[in-house]
Amino acid sequence: MKVSVVSRSGREVVKGGIELKDSAKVADLQEAIHAKTKKYYPARQRLTLPAQPGKSGKPVVLSQKASLSEYCEKGSGSLTVVFKDLGPQVYYSTLFFWEYVGPLIIYPIFYYLPVYKYFGYEGERVIHPVQTYAMYYFCFHYFKRIMETFFVHRFSHATSPVSNVFRNCAYYWTFGAYIAYYCNHPLYTPVSDLQMKIGFGIGVVCQIANFYCHILLRNLRSPTGSGGYQIPRGFLFNIVTCANYTTEIYQWLGFNIATQTVAGYVFLAVAAAIMTNWALGKHSRLRKLFDGKDGQPKYPRRWVILPPFL
Amino acid sequence: MAGVGSAVRRLYLSVYNWVVFVGWAQVLYYAVTALLDGGHEGVYAAVERPLQLAQTAAVMEILHGLVGLVRSPVTATLPQIGSRLFLTWGILWSFPETQSHILVTSLVISWSITEIIRYSFFGLKETLGFAPSWLLWLRLVLFLLQAGHHLIKFRGNLLPFQKLDLKSELHSFVVALLICRYSTFMILYPTGILSEVGLIYIALPYIKVSEKYFVKMPNKWNFSFDYFYTCAIAIGVYVPGGPHMFTYMLAQRKKALSKAKTA
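Analysis parameters
Residues numbered from 1 in each chain as written. Chains lettered and ligands numbered in written order. Predicted model: local features only at pLDDT ≥ 70, side-chain atom pairs only at ≥ 80, totals over all residues. Heavy atoms only, no water. Helix = DSSP H or I, 4+ residues; strand = E, 2+ residues; numbered from the N terminus. Rg over C-alpha atoms; globule rule 2.2 N^0.38 Å. Contact = heavy atoms within 4.5 Å. Areas by Shrake-Rupley, 256 points an atom, 1.4 Å probe, with all protein chains shown as cover. Lys, Arg positive; Asp, Glu negative; His and termini not counted. Charge placed at Lys NZ, Arg CZ, Asp CG, Glu CD. Core = buried A, V, L, I, M, F, W, Y, C linked by side-chain atoms within 4.5 Å. Buried < 20%, exposed > 50% of the residue type's maximum accessible area, 1.4 Å probe, protein only. Expected span 1.5 Å × (residues − 1). Axes fitted to C-alpha atoms, helices over the stretch in contact; angles between N-to-C directions. Left-handed = near helix turned anticlockwise from the far one by under 90°. Parallel < 35°, antiparallel > 145°, perpendicular 65-115°, else oblique. Nonpolar A, V, L, I, M, F, W, Y, C, P; charged D, E, K, R; others polar. Phe/Tyr/Trp six-rings, centres within 6.5 Å; stacked < 30°, edge-to-face > 60°. Lys NZ or Arg CZ within 6 Å of the ring centre and 35° of its normal. Buried area = accessible area lost by both parts, 1.4 Å probe. Salt bridge = Lys/Arg side-chain N within 4 Å of Asp/Glu carboxyl O. Polar contact = N/O pair within 3.5 Å; in protein donor to acceptor, adjacent residues only side chain to side chain. Domains from an automatic or database assignment. UniProt positions renumbered as here; feature names shortened; annotations may be inferred. Pairing = 2+ DSSP bridges. Patch = residues over 30% accessible without salt bridge, like charges linked within 9 Å, V, L, I, M, F, W, Y side chains within 5 Å.

Glancing now at the overall build of chain A. Per the secondary structure count, chain A includes seven helices and six strands. For chain A, the succession of helices and strands along the chain, N to C, is β-β-α-β-β-β-α-α-β-α-α-α-α. Since a compact globule built from 310 residues should have a radius of gyration of about 19 Å, the 24 Å found for chain A marks it as more spread out than a globular shape. Counting only C-alpha atoms, chain A reaches 80 × 45 × 35 Å along its principal axes. Intrachain contacts of chain A at a sequence separation of at least 6 include 73% that bridge at least 24 residues. Put simply, chain A shows about 16,900 Å² of open surface, and 62% of that area lies on carbon and sulfur atoms. The distance from the centre of the 34 positive side-chain charges to the centre of the 16 negative ones in chain A is 4 Å.

This part takes up the nonpolar core. Of all hydrophobic cores here, the largest spans 49 residues; its most connected members are Tyr107(A), Ile179(A), Phe200(A), Phe255(A) and Ile305(A). Elements supplying a minimum of two residues to this core: helix H2 (92–112), helix H3 (129–151), helix H4 (163–183), helix H5 (193–220), helix H6 (243–259) and helix H7 (262–289) of chain A. Looking at this core element by element, the count peaks at nine residues for H4(A). Phe200(A) has contacts with Val130(A), Tyr133(A), Ala134(A), Tyr137(A), Gly254(A), Phe255(A), Ala258(A) and Thr259(A), leaving out every residue within four places of it along the chain. One finds Ile200(B), Ala203(B), Tyr227(B) and Phe228(B) within the second-largest nonpolar core, a separate group that totals 37 residues.

So, on to H4(A). Residue and element names in this part refer to chain A. Taking 1.5 Å of rise per residue, 21 residues should cover 30 Å, and H4 covers 30 Å from first to last C-alpha, within 8% of that figure. All buried positions along H4 are accounted for by Asn164, Val165, Asn168, Cys169, Tyr172, Phe175, Gly176, Ile179, Ala180, Tyr181, Tyr182 and Cys183. As for H4, its buried residues are in contact with strand S5 (89–91), H2, H3, strand S6 (159–161), H6 and H7.

Attention now goes to the packing of helix H2 (residues 43–57) of chain B against helix H4 (residues 74–93) of chain B. Residues and elements named next belong to chain B. With their axes 10 Å apart at the nearest point, H2 and H4 run at an angle of 145° to one another. Viewed along their axes, H2 and H4 form a crossing whose handedness is left-handed. Residue-level contacts link Tyr44, Glu48, Leu51, Gln52, Gln55 and Thr56 of H2 to Arg84, Leu85, Thr88, Trp89, Leu92 and Trp93 of H4.

Another point: the packing of H4(A) against H7(A). Residue and element names in this part refer to chain A. Interhelical geometry of H4 versus H7 gives an angle of 155° and a closest axis separation of 8 Å. The angle between H4 and H7 falls in the class roughly antiparallel. The segment H4 lies against H7, with Tyr171, Phe175, Tyr178, Ile179 and Tyr182 engaging Ala263, Gly264, Val266, Phe267, Val270, Ala271 and Ile274. When its residues are assigned to classes, the contact of H4 with H7 shows eleven nonpolar, one polar and no charged.

Residue and element names in this part refer to chain B. One pass over the structure, following the stated rule, counts 48 aromatic pairs over all chains. Plain terms: the ring middles of Phe225 and Tyr227 are 6.3 Å apart, the flat faces sit at 35° to each other, and that makes the pair tilted. Exposure remark for Phe225: the relative accessible area of 32% places this residue in the partly exposed category. We note Arg118 situated over the ring of Tyr119; from NZ or CZ to the ring centre the distance is 4.9 Å. For Lys212, the ring lying beneath its charged end belongs to Phe95, and the centroid distance is 5.4 Å.

A few words on the interface of chain B and chain A. Listed as interface residues are eight residues of chain B and, on the opposing side, eleven residues of chain A. At the boundary of chain B with chain A, total buried surface from both sides reaches about 930 Å², with 58% on carbon and sulfur atoms. Ranking the residues of chain B by area buried against chain A places Met217(B), Trp221(B) and Asn222(B) at the top, with a combined share of 61%. Here chain B and chain A share zero salt bridges between them. Along the contact surface separating chain B from chain A lie six residue pairs in polar contact (both at pLDDT 80 or more).

Turning to the domain arrangement of chain A, a few remarks are in order. One can read the domain layout of chain A as domain 1 (2–87) and domain 2 (90–289). Between the C-alpha centres of domain 1 of chain A and domain 2 of chain A there is a distance of 39 Å.

Moving on, we come to the environment of Leu78(B). With respect to the helices and strands, the residue Leu78(B) is situated in helix H4. Note: C-alpha distance between Leu78(B) and Ile62(B) (16 residues apart in sequence) is 6.8 Å.

Turning next to the UniProt feature "transmembrane region" (unreviewed entry) in chain B. Residues and elements named next belong to chain B. According to UniProt, the positions carrying the feature "transmembrane region" (unreviewed entry) are residues 12–32, 134–152, 187–207 and 227–251. End C-alpha atoms of residues 12–32 are separated by 30 Å, and the span's content is 100% helix alongside 0% strand. Annotated as residues 187–207, this span is 100% helix and 0% strand, and its ends, taken at the C-alpha atoms, are 30 Å apart.

Residue and element names in this part refer to chain A. Burial of strand S1 (residues 2–7) is extensive: five of the six residues sit out of reach of the surface. One ladder, built from six bridges, connects S1 with strand S4 (residues 78–85); its direction is parallel. Among the inter-strand pairings, Val5 is bridged to a residue of S4, identified as Val81.

Residue and element names in this part refer to chain A. Where like charges cluster on the molecular surface, the positive patch consists of Arg8, Arg46, Lys58, Arg285 and Lys288. Tracing the chain through its elements places Arg8 in the loop between S1 and strand S2 (18–19). When its relative accessible area of 63% is taken as the criterion, Arg8 is described as exposed.

This part takes up the sheet that holds S4(A). Either a parallel or an antiparallel arrangement is found when strands of a sheet pair, and the pairing is made through backbone hydrogen bonds. Residue and element names in this part refer to chain A. With mixed pairing, the four strands of this open sheet are ordered in space as S2-S1-S4-S3. Looking along the sheet, the strands with just one partner apiece sit at the ends: S2 and strand S3 (45–48). Sheet strands in contact with helix H1 (residues 26–37) are S1, S2, S3 and S4, and its direction is about 125° off that of S3.

This is the structure:
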């Protein structure tokens, strides 16, 4: 079949179009486009069907594993696809690694090295036990995240735009330094022993719960990485759609109860807001997909992210 | 029902925009008169109250965006209003030593001209979108203005009035204002931004010495706030922030002028 590839402004991206076997898949089309255009590797391509005049709504994105013939107009042997360049891409695992390695290195710098000298605090620093535990806790958290990135998570999209590396690293690294500065400060005031134990206790329990949530989510997807959505089940997912975010938020709450810094609580608020945003999107996507029609199960009534609020 | 709601919205926004417009017109007037009377040192004292009122009133615009009364994204208005309030209250009002600097004059003039154009543009946009009865009111006003103009010009020789082609008159007036709004920023943004950065820089030694707005450690919440470093970082933010706002306005200009051409 003949596939013509046009940009959103109508210009032909591949002159003369591409000839493919009738049985070809979308992935074959992507390879062919890459061969013809050199710089647009498949991860950078976003292929959609042309918008129907009069019909509004999101354009149909071509799924990589699908057959091209599924998208052809009935009967015709040709297809027009609209091409969008997503820009240079990096693997999600690369993105996550660089985001998380920052705090992992930055926090110990504030703990071990005489950084506060440069902020005008001369002399010996007294280190309280809670500050040591906080350092281990914080670093373990980000170490765990890196391990999960490489060994646990199964990503639906393999890549993310390069610009996200700068944006996300700025977020994690800046907050990491902000929290580390106050937690390791020479004039740090620790909370009571009991409060520290409660805080870290909550944190550890929630980190374990969070890890288990990640394992459950991993098992929803097959190793071939076909992505797609399933109804999450088991453990906390039976009551909350995004139990992984819930446990993550409570884990940071535990850290903050133990360390009591405004910086930590600000980070908690911002992180919770971001995750809530994601959770709302995921929850509504799942509800739309699992609407109880056409043989799809109906998505059960669940909290979105933070019972009893949302 | 929807018609009434939309009319109330338009009335409110018209009143809001015109009131703030008058505020900024005052600021410009007092600034120029003070400048001509006594030189740049006296400008701040002359404009302080209307400046603070007009600038602080702009906080309403964030509310308007959040509630959905206007279409501007909060992400665009927030940094603009944030920097204005920072300068107005956090630098000029808080540190009187900066008030006699010549940059205050360039700041106030850049801001007031920009805002006069902006608020009259929005005021007109909201007012013109009105129900016909208001448009007739405007027609009457324009008619009277033209009549006055003719009377003065021809001093008794009352030539027959030219037929008022209201639509095209208003249209060319709005287009002129549009071009004004989307062109003057090319000078006023750089002068405004440079004045802002300059004034923050001038204030730095006074901030450090006065230790105003400082929270020191140790305290129960392990929190500290150093206004000096915050201001220094603010200057740093202007480095990417300024060009970003400028290119945003350039894009807005392109959009608006191409729309005006096809209209």
